[in-house]
Amino acid sequence: MQKTRLAVLLSLTLAGSSLVGSLAWAQEPAAAPVPKGDAARGAVLSDTCMGCHGIASYRNAYPSFRVPKLGGQHPEYIVIALQGYKNLTRPHKTMHAQAISLSDQDMLDIATFFASEGDLQKAASLKGTPPEKAGTCVACHGEGGISVAANWPSLAGQHKDYLEHALNEYKGGLRKDPIMGSQAINLKPEEMRELAAYFSSQSGLFSVHYAIGGRATAAAGK
Ligand code: HEC
Ligand code: HEC
């Protein structure tokens, strides 16, 4: 009894502190705060996403860069990114149109579905020599871009041109994120290219090749 009341109190206090936290608490007040969505529901909701994210070489038309890989990415970060497109702290028109109709629960289910498709594809060792500037990045994004915290994206294996595009958007203030804004502001174009090349060349993220009507190979190539 006591325990339940405490849990309810706690969940009320924590509600709103963060989206993921509040959802997790709302569902299982006494359990560990790991976000749990419905992967099967997420798979259905993700059908439309696959037209772009399910095709490894699919490109954004203008500016031209490859659509980011979502396989192996932290589910918490996927939710944060979708909220960003919905709230326009990220400026992409198509992703705004996609995210605007998604509820918090939809986002959680979608992120859980992507996470259920497989873990990061880690290699035994890292490739190449990290550029000088990578020293600060790995504090959050992890060695070789395999992030250690759920709210920081993994960069390992992400498309090079997408990483460069994202860095440019933080630098220019188009993506509004206080942390990454201050990280990117002093990077020169050639430093961004080097960082993007280094992190993208590592093993890690992959394109999810879920096909409408059935689950295809979870960990299919890049
Ligand atoms: C028409 C193609 C298209 C469709 C459909 C689409 N996306 Fe995207 N998505 C993109 C592009 C392009 C970007 C990169 C946008 C940018 O520049 O920030 C992106 C970015 C993202 C990101 C951010 C990834 C990261 O590493 O930060 C997430 C998460 C995402 N999409 C999820 C979804 C989900 C979920 C759906 C379906 C509900 C979806 N997308 C549908 C093209 C698409
Ligand atoms: C203090 C922690 C921190 C440091 C240090 C940091 N980042 Fe980030 N990074 C973040 C967070 C948080 C986000 C997600 C921001 C958002 O929601 O858009 C992010 C996002 C990114 C993205 C976008 C990824 C995607 O999938 O869209 C890139 C690229 C990136 N960081 C590269 C770098 C590089 C390169 C450095 C070093 C120069 C760096 N970051 C340093 C925390 C950090």
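Residues numbered from 1 in each chain as written. Chains lettered and ligands numbered in written order. Predicted model: local features only at pLDDT ≥ 70, side-chain atom pairs only at ≥ 80, totals over all residues.

Focus: the overall build of the protein
Argument step 1. Secondary structure summary: the protein contains 11 helices and two strands in total.
Argument step 2. The order of helices and strands in the protein, counted from the N terminus, is α-α-α-α-β-β-α-α-α-α-α-α-α.
Argument step 3. Across the 222 residues in the protein, those meeting the buried criterion constitute 34%. (Helix = DSSP H or I, 4+ residues; strand = E, 2+ residues; numbered from the N terminus. Buried ≥ 20, exposed ≤ 12 C-beta atoms within 10 Å, placed from the backbone.)

What about the site of ligand 1?
Argument step 1. Taken together, 21 residues lie near ligand 1, and Cys49, Cys52, Asn60, Ala81 and His92 sit nearest.
Argument step 2. Taken together, the elements giving at least two residues each to the shell around ligand 1 come down to helix 4 (47–53), helix 5 (75–87) and helix 6 (93–99).
Argument step 3. Looking at the shell around ligand 1, the element that brings in the most residues is helix 4, giving five residues.
Argument step 4. The class makeup of the residues in the shell around ligand 1 is 11 nonpolar, nine polar and one charged. (Near = placed C-beta within 6 Å. Nonpolar A, V, L, I, M, F, W, Y, C, P; charged D, E, K, R; others polar.)

Quick word on the site of ligand 2
Argument step 1. In the vicinity of ligand 2 there are 22 residues, among which Cys137, Cys140, Ala166, Asp177 and Gln183 approach most closely.
Argument step 2. Looking at the shell around ligand 2, the elements that each hand over two or more residues are helix 5, helix 8 (134–141), helix 9 (160–171) and helix 10 (178–184).
Argument step 3. Of the residues forming the shell around ligand 2, the biggest block, five residues, is contributed by helix 8.
Argument step 4. For the shell around ligand 2, a count of residues per class yields 14 nonpolar, five polar and three charged.

What about the nonpolar core?
Argument step 1. Ranked by size, the top nonpolar core spans 18 residues in total, and within it Ile78, Val79, Leu82, Met107, Ala111 and Phe114 carry the most contacts.
Argument step 2. If you tally residues by element for this core, the top one is helix 7 (residues 104–116), at seven residues.
Argument step 3. When residues no more than four places from it in sequence are discounted, the contact partners of Phe114 are Leu70, Gly71, Gln73, Pro75, Ile78 and Val208.
Argument step 4. Grouped together as the second largest cluster of nonpolar side chains are 16 residues, Leu120, Leu155, Leu163 and Ala166 included. (Core = buried A, V, L, I, M, F, W, Y, C linked by C-beta atoms within 7 Å. Contact = placed C-beta atoms within 7 Å.)

As for the packing of helix 5 against helix 7
Argument step 1. At a closest axis distance of 8 Å, the pairing of helix 5 and helix 7 adopts a crossing angle of 140°. As far as their axial angle goes, helix 7 and helix 5 are oblique. Note on packing geometry: the crossing formed by helix 5 with helix 7 is right-handed. The residues of helix 7 that touch helix 5, namely those facing Pro75, Ile78, Val79 and Leu82, are Met107, Leu108, Ala111, Thr112, Phe114 and Ala115.
Argument step 2. Of the residues contributing to the contact of helix 5 with helix 7, the split by class is nine nonpolar, one polar and no charged. (Axes fitted to C-alpha atoms, helices over the stretch in contact; angles between N-to-C directions. Parallel < 35°, antiparallel > 145°, perpendicular 65-115°, else oblique. Left-handed = near helix turned anticlockwise from the far one by under 90°.)

Here we look at unusual backbone geometry
Argument step 1. Following Tyr62, the chain continues into Pro63 via a peptide bond in cis, with omega recorded as -5°.
Argument step 2. Mapped onto the elements, Pro63 comes out in the loop between strand 1 (59–60) and strand 2 (65–66).
Argument step 3. At Leu88, a position not held by glycine, the phi torsion is positive, near 65°.
Argument step 4. Following the sequence through the fold, Leu88 ends up in the loop between helix 5 and helix 6.
Argument step 5. Leu88 sits in the exposed class, given 12 other C-beta atoms within 10 Å.

What about the confidence of the model for the protein?
Argument step 1. The predicted model of the protein averages 84 in pLDDT, with 78% of residues at 70 or higher.
Argument step 2. Contacts of residues 1–32 to residues separated by more than four positions or lying in other chains number 32 contacts, the stretch itself having pLDDT below 50. (pLDDT = per-residue confidence, 0-100.)

Overview of the packing of helix 9 against helix 11 (residues 189–200)
Argument step 1. Relative orientation of the contacting elements helix 9 and helix 11 amounts to 140°, with a least axis distance of 8 Å. With respect to their mutual orientation, helix 9 and helix 11 come out oblique. When you trace helix 9 past helix 11, the crossing you get is right-handed. Here Lys160, Leu163, Glu164, Leu167 and Asn168 of helix 9 come into contact with helix 11, specifically with Met192, Arg193, Ala196, Ala197, Phe199 and Ser200.

Looking at the environment of Gly181
Argument step 1. Mapping Gly181 onto the fold places it in helix 10.
Argument step 2. With 15 C-beta atoms packed within 10 Å, Gly181 lands in the partly exposed category.
Argument step 3. Each C-alpha atom, one on Gly181 and one on Leu167, is 8.6 Å from the other, the two residues being 14 residues apart in sequence.

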